[in-house]
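Fold and geometry: a report
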Protein chains: 2
Amino acid sequence: MNRILICDDEKDIVRAIDIYLKAEGYDTVKAYNGSEALKLLKDDKDIRLVIMDIMMPEMDGIEALSELRKFSNVPVIFLTAKSEDADKILGLNLGADDYITKPFLPAELTARVRSALRRYTMLGSISTEKTVISVGSISLDDPAKEVRVDGDIVNLTKTEYEILKLLMQEPGKVFAPGEIYTKVWGDDPYGTENTVAVHIRRLREKIEIDPAKPRYLKVVWGRGYKIEGGSR
Amino acid sequence: MNRILICDDEKDIVRAIDIYLKAEGYDTVKAYNGSEALKLLKDDKDIRLVIMDIMMPEMDGIEALSELRKFSNVPVIFLTAKSEDADKILGLNLGADDYITKPFLPAELTARVRSALRRYTMLGSISTEKTVISVGSISLDDPAKEVRVDGDIVNLTKTEYEILKLLMQEPGKVFAPGEIYTKVWGDDPYGTENTVAVHIRRLREKIEIDPAKPRYLKVVWGRGYKIEGGSR
DNA sequence: ACCCAAATGAACAGGATACTGATATGTGAT
DNA sequence: ATCACATATCAGTATCCTGTTCATTTGGGT
C-alpha cells in the first residue's frame, strides 16, 4: 500500500487533500507542522511520499526537508502560495521533487502524486514488492529466479519454480491441485490432476532431504499441498 | 558530463534553451520533432534528460514519450503552452517527470533541470558517480566505454556493450530475451528471439574462457539471461 | 482389518528452448 | 569502389523440460 504524509498548518487543506487521496485509494497520515511530520517519518518507514506546505509555524517546510534528507530519500511535493517563486527554486535545489501552487485542481494533485510515486518505485531503490521470500531455510529470489535451500542453490525448472513461488507466497495455506493448476498454467484443470502431483514430487526431490518425509512441502489429505516452515 | 536533449519545432526556443543550459555547463543535443528525438535517444544512451514540447509536427510529445518509455527511464520535462491543463495531466500519467509552461523564466528552467537530474542520479541504479560497474572480474567503465575481463581489455561492439551493461546494472537479475531487445534496441520484439541469442553468444566468446560453460553470463531455462559473479 | 481414494514413483516420447555454424545484408572507413 | 566489421537471419543439432501412463504405496473411513 502507498502511504502518503500530508503536512500543512491549515487544517482545511489537509482535510481536502486527505479526501482526494483517499478517493484514489491511497493511505494517508496527517501532520500540522514540520517537526510533527519529521517525527512521523522517523517512526513510519512505509511512508512513500510527503506533501508539505512551505510556510508553517514551529518548523517550516524548507527546514523540515533539509532534516528529512539526512535520513531518507522519500519524494517530497511542496505546496506553495501563488507567487513564491524564490521559494520554489530554493525548495527544488534542496531536494524537493515537485511543487504545487495553491489553489490547485484535484486532478493536478493526483496526477503529480501518481507521477512522484511512479518515479520512486520505478527507479527501484526501494521497491514496493518484496523481492525475496523465505520460509524456513528456503529462500526464493524472484528477480534472480534463484532458490536456495540451506544456502545451496537448487536448479528448478520454470514450472517447479512457479509452483514453489505460489506456495511460498502464502505459507501454511493449503492449495488444491486444481487451484495450483489454474494459477500456474492459467488454464482450466481438466484431467490434469496428476500433472501437478508429478511436479510436486520433482520439487520435493530437489528441495527435501528425504522426499518421503518432507520437511516443508507437505500434503493435506484430500485437500492439497502447502509449504510450512520446518520448525513450527 | 550531463547531456540533455532539447526538442521543439520552434527553433528559437531550442536555441534559447540551448544557451541557458550551455551557460550552466550542460552538454546538449537538439531535435525538432518527436521521431528525430527518438532516433537520437536510441543511438545515444548517455542522454540523461529530455526537454520536449508537447505540440510538434510529425510526432507529438505524448506519442514520443510513450515510445520512449518502452526502452528508457530517462526523465522528461514537457514544455506546454499556458493553458493546456488537460495535456499536462495526461503527460504526467504517461510518465513525464515535470513540465514547464511557456513562457518561462530562465531560473525556473535551470532549477527544474537540476532537480530532475538530481532525482535521476540519486535514486537510480544508473548513477552518475558510479561510472564503473564490476561483477566478478569483469569491469565496465561507462564513460570510457571500456570493458575489462581479468584486467585485459576486450573489444565489444555497441550492441554487445549495451547488452552487457544492461545485465551488469542489476547483477543476478534475469532478463527475458524480449526484455533485452526492447531495452537495447528500443523497439518491439517480434520474431527476434534468435537475434538476442546470437549476440549473447558473441558476448560469451569474448568474455568467457569457455563459452560452453559460462562463468558469468548464464542462462535460466525458459526465462532469459543474467550475469553473475562466479563466487557469490 | 478391509477397501477405496489419494498420493507417490519411475520411465518415456514429444515438444520446447537454447546453442552453433553458415550465410546474407547493412554500414562506415580507407 | 572496396574492404572490414557489425548486424540480422536461417537451419540443424543438442539439450532439457513437460505431460502422460501405469504400477505401487500410503492414508482414512467403515
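Residues numbered from 1 in each chain as written. Chains lettered and ligands numbered in written order. Predicted model: local features only at pLDDT ≥ 70, side-chain atom pairs only at ≥ 80, totals over all residues. Heavy atoms only, no water.

Digging into the overall build of chain A
- Within chain A one finds eight helices and 11 strands.
- At a minimum sequence separation of 6, the contacts of chain A that also span at least 24 residues come to 54%.
- When the accessible surface of chain A is totalled, it reaches about 11,700 Å², and 50% of it is carbon and sulfur. (Helix = DSSP H or I, 4+ residues; strand = E, 2+ residues; numbered from the N terminus. Contact = heavy atoms within 4.5 Å. Areas by Shrake-Rupley, 256 points an atom, 1.4 Å probe, with all protein chains shown as cover.)

A short note on the sheet that holds strand β8 (residues 146-149) of chain B
Residue and element names in this part refer to chain B.
- Taken in spatial order, the four strands make up an open sheet running β6-β7-β8-β9, and their pairing is antiparallel. Lying at the two open borders of the sheet, with one neighbouring strand each, are β6 (132-135) and β9 (152-154). Pairs of neighbouring strands in the sheet enclose a mean axial angle of 25 degrees, with direction left out of account.
- Both strand β7 (residues 138-141) and β8 contribute to a ladder of four bridges, which runs antiparallel. Bridge assignment links Asp 141 to a residue of β8, and that residue is Glu 146. (Pairing = 2+ DSSP bridges. Axes fitted to C-alpha atoms, helices over the stretch in contact; angles between N-to-C directions.)

Re the packing of aromatic side chains
All names here are of chain A.
- This model, assessed by the stated rule, comprises two aromatic pairs over all chains.
- Ring centres of Tyr 181 and Trp 185 lie 4.5 Å apart, and the angle between their planes is 5 degrees; on these two criteria the pair is classed as stacked. Placement of both Tyr 181 and Trp 185 in helix α7 (residues 177-185) is noted, with a separation of four residues, approximately one turn of the helix.
- Classification of Tyr 181 as buried rests on a relative accessible area of 11%.
- Stacked on the ring of Tyr 32, the Lys or Arg Lys 11 has its end atom at 4.8 Å from the ring centre. (Phe/Tyr/Trp six-rings, centres within 6.5 Å; stacked < 30°, edge-to-face > 60°. Buried < 20%, exposed > 50% of the residue type's maximum accessible area, 1.4 Å probe, protein only. Lys NZ or Arg CZ within 6 Å of the ring centre and 35° of its normal.)

A closer look at the nonpolar core
Residues and elements named next belong to chain B.
- Val 147, Leu 164, Met 168, Ile 180, Ile 207, Leu 217 and Ile 227 are the most contacted members of the largest nonpolar core, which totals 26 residues.
- If you list the elements that add at least two residues to this core, you get β6, β7, β8, α6 (158-169), α7 (177-185), α8 (193-207) and β11 (224-227).
- No other element matches the six residues that α6 contributes to this core.
- Residue contacts for Val 147: discarding those within four places in its chain leaves Ile 138, Ser 139, Leu 140, Asp 152, Ile 153, Val 154, Leu 156, Tyr 161 and Leu 164. (Core = buried A, V, L, I, M, F, W, Y, C linked by side-chain atoms within 4.5 Å.)

A few points about the protein's contact with DNA strand C
- Taken together, 14 residues lie around DNA strand C, and Arg 204 and Tyr 225 of chain A together with Arg 204, Trp 221 and Tyr 225 of chain B are the ones closest in.
- Each atom of DNA strand C within 4 Å of the protein was assigned to sugar, phosphate or base; sugar and phosphate come to 63%.
- Arg 201 of chain B is positioned such that a nitrogen or oxygen atom in its side chain is 3.1 Å from a base nitrogen of DNA strand C.
- The side chain of Arg 204 of chain B places a nitrogen or oxygen atom 2.9 Å from a phosphate oxygen of DNA strand C. (Near = heavy atom within 4 Å. Polar contact = N/O pair within 3.5 Å; in protein donor to acceptor, adjacent residues only side chain to side chain.)

Topic: the protein's contact with DNA strand D
- Around DNA strand D, the structure places 20 residues, and the nearest of them are Thr 157, Thr 159 and Trp 185 of chain A together with Thr 157 and Thr 159 of chain B.
- In DNA strand D, atoms within 4 Å of the protein come from the sugar-phosphate backbone in 66% of cases.
- In this structure, a phosphate oxygen belonging to DNA strand D sits 2.3 Å away from a side-chain N or O atom of Thr 157 of chain B.
- In this structure, Thr 195 of chain B approaches DNA strand D through a side-chain N or O atom, which is 3.4 Å from a phosphate oxygen.
- Every element with two or more residues in the surface near DNA strand D is listed here: α6 (158-169) and α8 (193-207) of chain A together with α6 and α8 of chain B.
- Within the surface near DNA strand D, the residues separate by chemical class into six nonpolar, 10 polar and four charged. (Nonpolar A, V, L, I, M, F, W, Y, C, P; charged D, E, K, R; others polar.)

Looking at the pairing of strand β5 (residues 98-102) of chain B
All names here are of chain B.
- Extensive coverage of β5 is indicated by the burial of four of its five residues.
- For strand β4 (residues 76-81) and β5, the ladder comprises five bridges, and the chain directions are parallel. Bridged to Ala 81 within β5 is Lys 102.

Describing the packing of α6 of chain B against α7 of chain B
Residue and element names in this part refer to chain B.
- Contact geometry for α6 and α7: axes closest at 10 Å, N-to-C directions at 115 degrees. Between α6 and α7 lies a crossing of right-handed hand. Contacts between α6 and α7 involve Thr 159, Glu 162, Ile 163, Leu 166 and Leu 167 on the former and, on the latter, Ile 180, Lys 183, Val 184 and Trp 185.
- Grouping the constituent residues of the contact of α6 with α7 by class yields six nonpolar, one polar and two charged. (Left-handed = near helix turned anticlockwise from the far one by under 90°.)

Quick look at the domain arrangement of chain A
- Examined at the domain level, chain A breaks down into domain 1 (3-122) and domain 2 (132-227).
- Taking the mean C-alpha position of each, domain 1 of chain A and domain 2 of chain A sit 43 Å from one another. (Domains from an automatic or database assignment.)

Topic: the sheet that holds strand β6 (residues 132-135) of chain A
All names here are of chain A.
- Reading across from one edge, β6-β7-β8-β9 is the order of the four strands in this open sheet, with antiparallel pairing throughout. Looking at which strands have only one partner, the edges of the open sheet turn out to be β6 and β9 (152-154). On average, each strand axis in the sheet is tilted by 25 degrees relative to the strand beside it, whichever way the strands run.
- Sheet strands touched by α6: β6, β7 (138-141) and β8 (146-149). Its angle to β7, the strand with the most contacts, is close to 110 degrees.

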